[in-house]
Amino acid sequence: MTERNTLSVDETLAALRAVGEATRIRLIALLAQNELTVKDATAILGQSQPRISRHLKLLAEADVIQRFPEGSWVYYRLSDGPEGALARDVVARISDEDAVLAADHERFQAIRKAKAEEAAAFFAARALTWDRERSLHVLEADVEAAMRNALGDAPFQTFLDLGTGTGRLLEVFSDQYVSALGVDASHDMLAVARANLSKAGLNDAQVRHGDVYALNVPPKSFDVVAIHQVLHFLDDPARALAEAARALRPGGRLLIVDFAPHELEFLRDQHAHRRLGFASEQMERWLDALDLDLEKTTDLVPGEADDSKLTVTLWLARDRRIITDVPAQNSSREVA
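Quick summary incoming for the structure in this document. Note that the coordinates shown come from a computational prediction; the quantities given were computed from them, not determined experimentally.

Reading the values: the criteria
- In this convention, every chain numbers its residues from 1, walking through the sequence in written order.
- Local features in this predicted model are restricted to residues of pLDDT 70 or higher, and side-chain atom pairs are both shown and tallied only at a pLDDT of 80 or more, whereas totals for entire chains, interfaces and linings draw on every residue.
- Here the side-chain values reflect all heavy atoms present in the structure, with hydrogen atoms and water set aside.
- We treat two strands as partners when DSSP finds at least two bridges between them.
- Comment: elements are numbered from the N terminus, with helices defined as DSSP H or I runs of at least four residues and strands as E runs of at least two.
- Working convention: axes come from line fits to C-alpha atoms, limited for helices to the stretch in contact. Angles between N-to-C directions cover 0 to 180 degrees.
- Among buried residues, those of type Ala, Val, Leu, Ile, Met, Phe, Trp, Tyr and Cys that are joined through side-chain atoms within 4.5 Å constitute a nonpolar core.
- Relative accessible area decides the class of each residue, using a 1.4 Å probe on protein chains only: under 20% of the type maximum gives buried, over 50% gives exposed, and in between gives partly exposed.
- Working rule for contacts: check all heavy atoms of both residues, and any pair within 4.5 Å makes them a contact.
- Like charges are joined within 9 Å and nonpolar side chains (Val, Leu, Ile, Met, Phe, Trp, Tyr) within 5 Å, but only among residues with over 30% relative accessible area and no salt bridge; these make up the patches.
- Exposure was quantified through the Shrake-Rupley algorithm and a 1.4 Å probe, taking into account, for residues, occlusion by the shown protein chains and nothing else.
- Every case where a carboxyl oxygen of Asp or Glu lies within 4 Å of a side-chain nitrogen of Lys or Arg is listed as a salt bridge.
- Under the rule applied, a polar contact is a pair of N or O atoms within 3.5 Å (in protein, one hydrogen donor and one hydrogen acceptor; residues adjacent in sequence only if both atoms are side-chain atoms).
- The labels follow the angle: roughly parallel below 35 degrees, roughly antiparallel above 145, roughly perpendicular from 65 to 115, and oblique for the rest.
- Each crossing gets its handedness from the near helix: less than a right angle anticlockwise from the far helix is left-handed, clockwise is right-handed.

Regarding the sheet that holds strand S6 (residues 205-209)
Read from one edge of the open sheet, 7 strands run S6-S5-S4-S7-S8-S10-S9, paired in mixed fashion. Strand pairing shows two members of the sheet lacking a second neighbour, S6 and strand S9 (292-300), which therefore form its edges. Direction aside, neighbouring strands of the sheet carry axes that sit 15° apart on average. Summarising the sheet, strand S5 (residues 177-184) and S6 pair through 5 bridges and their orientation is parallel. Bridging from a neighbouring strand, Gly182 pairs with Val207 of S6.

As structure tokens, then:
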């Protein structure tokens, strides 16, 4: 289905009516920079929660913004549709010297700074545990380089990172995708990821709270899906892989990174690992059952002096579905 990128006259008027109010203009100017919660907007604009909620509701009803529930909070963001683009164009015409918007921006930056400090404190409190686990395998930089090598240098449109954690992969592949989404079950980790994305200036990437067993994303909507060091925490990895496959566009690619089979039992007790690695034979069976072809397997083996360390394995699979172009004399083509 072709994505809608234009508006009718009635739709244009409806969007302009939604935008055409002082508080809503201020909200849109903020949302053009980053996503917000009602709490954020209340603190920045100095208005009551019911008033802010009403304005956000009107903007959402006009499809100018989108809402993303996350636990007891809701995050708001300019929509990806033409209504959101129209609103972004409107605020882009406003002078940077406007005193009201400049003051809003200053308060917004203060809130972002406070959130970044909270995220840093959370990360620091857990850094020792993570550092110990990372010390058990090859350098993370080597793993990231192997992931980039597996996917190649060609750009792609959409990227989904399951179990995004700190949002690191959204940064690693930021020069290749047009838009990206990271999903994680931990609200604290999402706070870290948001702070990292904000610091890196990655406005084309966003993160959402979600369950890898039941993804709230449209089917067949991502060119590349990554599952980086997530499966060993799960009781049912095959179910998570099925959800990842459902999100792939025909011909899309799934990149899995995890440990090869090992015998480090303390990872179960001290690091909440449910699986002690995965054999490539098992992974290939799971992928084949999901109509995914395993194209490449890469083992990152520790050096000979590090025989107690873990091997990290990368599996790159491709959705074997094709799109048949009936008007073009029944020819078929594979979507990369």
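A short note on the nonpolar core
Formed by 32 residues in total, the largest nonpolar core has its most connected members in Met147, Phe159, Leu170, Phe173 and Tyr177. Per element, the largest residue contribution to this core is 5 residues, and it comes from helix H7 (residues 140-151). In this view, Tyr177 contacts Phe156, Gln157, Phe159, Leu170, Leu202, Asp204 and Ala205; residues no more than four positions away in its chain are not counted. Ranked by size, the runner-up nonpolar core spans 29 residues in total, among them Tyr213, Ala245, Ala247 and Met283.

So, a nonpolar patch on the surface
A cluster of nonpolar residues, Val9, Leu13 and Leu16, forms a patch on the protein surface that exposes about 270 Å² of accessible area. Counting through the fold element by element, Leu16 comes out in helix H1 (residues 9-19).

Side note on the side chain of Thr313
The topology assignment puts Thr313 in strand S10 (residues 312-319). Classification of Thr313 by relative accessible area gives buried; the value is 1%. A polar contact is formed between the side chain of Thr313 and the side chain of Asp299, at a distance of 2.7 Å.

A closer look at the pairing of strand S3 (residues 73-78)
Judged by how many residues are buried, S3 sits mostly within the fold: 5 of 6 residues are covered. Judged from the 2 bridges that link them, strand S1 (residues 36-37) and S3 form a sheet pairing that is antiparallel. In the strand pairing of S3, Leu36 is matched with Tyr76.

Section: the environment of Glu118
If you trace the backbone, Glu118 turns up in helix H6 (residues 99-134). Residues Glu118 and Asp188, spaced 70 residues apart in sequence, show a C-alpha to C-alpha distance of 9.4 Å.

Looking at the packing of helix H3 (residues 38-45) against helix H4 (residues 49-61)
At a minimum axis separation of 9 Å, H3 and H4 run at an interaxial angle of 115°. With respect to H4, the element H3 is oriented roughly perpendicular. When you trace H3 past H4, the crossing you get is right-handed. In this structure, H3 uses Val38, Ala41, Thr42 and Leu45 to contact H4, whose residues at the interface are Gln49, Ile52, Ser53 and Leu56.

With respect to unusual backbone geometry
With a phi angle near 55°, Lys220 is a residue other than glycine that sits in the positive phi range. Locating Lys220 in the fold gives a position in the loop between S6 and strand S7 (222-228). Positive phi, close to 50°, is recorded for Gln229, a residue that is not glycine. Tracing the backbone through its elements, the reader meets Gln229 in the loop between S7 and helix H10 (237-247).

Describing the pattern of salt bridges
Counted according to the given criterion, the structure contains 14 salt bridges. For Arg194, the salt bridge goes to Glu35, with nearest N and O atoms at 2.6 Å. Placement of the pair is Arg194 in helix H9 (residues 187-200) and Glu35 in the loop between helix H2 (22-31) and S1, with a sequence separation of 159 residues. Classification of Arg194 as buried rests on a relative accessible area of 14%. Judged by relative accessible area, which is 8%, Glu35 ranks as buried. Residue Glu295 is joined to Arg318 by a salt bridge in which the shortest nitrogen-to-oxygen separation is 2.9 Å. Linking Glu295 in strand S9 with Arg318 in strand S10, this pair joins segments that are 23 residues apart in sequence. With a relative accessible area of 45%, Glu295 lands in the partly exposed category. Put simply, Asp288, Asp291, Asp293 and Arg320 are held in one network by salt bridges that share partners.

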